[in-house]
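# Chain and residue survey
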Amino acid sequence: GENVEQHPSTLSVQEGDSAVIKCTYSDSASNYFPWYKQELGKRPQLIIDIRSNVGEKKDQRIAVTLNKTAKHFSLHITETQPEDSAVYFCAASWGSYIPTFGRGTSLIVHP
Amino acid sequence: ETGVTQTPRHLVMGMTNKKSLKCEQHLGHNAMYWYKQSAKKPLELMFVYSLEERVENNSVPSRFSPECPNSSHLFLHLHTLQPEDSALYLCASSQGSGSDTQYFGPGTRLTVL
């Protein structure tokens, strides 16, 4: 089955800095890679996703890049703000198979 | 948000109690999921239902029993739980399964005494 590794487990940055979270996956058939954000005490919510027919996708301050050859994808947050502080989860799946989630990254943005 | 709702939001129960968690989705989705989220652990998939049929059960102990009476409702029946079952139980739904966005409910914070 699919195995998703996510790093780092904790990331601490100063407000205004950039943050990068990286995930690797094992199943080369995976073609859907979402990122979820879970604020303290709240539900996980999708913030951005990418499918294997593109290499990069941007939405304002967040972007996701995908390298299918190396089987890794990354979340990039620029100009971080305190409200970006949360746990971020990556996931990988294909077809009708259930997505496999990474262990999560706790991002702390210091004002 | 009212897309996926869960009740109760908090539950404290003894090891000999029987209780049920309820999930309802108002999004017209065909797949529903139960996840367990413990501190310092990844999301653990417990059960998946697609079109009201169970499609995956990740070796969850029999003290957890799911029920999906229709595509909008999902229950998790609990009996004789252990303290290590204390966690946040999240329900989610998606249009299909796999390569579709999952929409999560707010979760039920369960404490087993």
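Residues numbered from 1 in each chain as written. Chains lettered and ligands numbered in written order. Predicted model: local features only at pLDDT ≥ 70, side-chain atom pairs only at ≥ 80, totals over all residues. Heavy atoms only, no water.

### Here we look at the environment of K19 of chain B
Residues and elements named next belong to chain B. Basically, it comes down to this: Numbering of helices and strands starts at the N terminus; helices are DSSP runs of H or I of at least 4 residues and strands are runs of E of at least 2. Residues count as neighbours in contact if any of their non-hydrogen atoms are within 4.5 Å of one another.
Tracing the backbone through its elements, the reader meets K19 in strand β3 (residues 18–25). Each C-alpha atom of the pair K19 and H79 lies 6.7 Å from the other, and the pair is 60 residues apart in sequence. With near-sequence residues (within four places) excluded, K19 lies in contact with L11, M13, L76, H77 and L78.

### Looking at the interface of chain A and chain B
Quoted interface sizes are often the accessible area lost when the parts come together. As a reminder of what qualifies: Two parts placed together each lose some accessible area under a 1.4 Å probe, and adding up what both lose gives the buried area. For this analysis, a salt bridge means a side-chain nitrogen from Lys or Arg found within 4 Å of a carboxyl oxygen belonging to Asp or Glu. A 3.5 Å cut-off defines polar contacts: any pair of N or O atoms within that distance qualifies, except that in protein one atom must be a possible hydrogen donor and the other a possible acceptor, and neighbouring residues in sequence count only when both atoms are side-chain atoms.
The interface of chain A with chain B comprises 21 residues on the first partner and 23 residues on the second. Between chain A and chain B, the buried area comes to about 1700 Å², and carbon and sulfur atoms account for 51% of it. Of all residues in chain A, R43, I98 and F101 of chain A bury the most surface against chain B, accounting for 38% of the area lost on that side. For the pair chain A and chain B, the interface holds 0 salt bridges. In this assembly, chain A and chain B are joined by 6 residue pairs in polar contact (both at pLDDT 80 or more). Every element with two or more residues in the side of chain A that touches chain B is listed here: β4 (32–38) and β5 (45–51) of chain A. The element best represented in the side of chain A that touches chain B is β5 of chain A, accounting for 4 residues.

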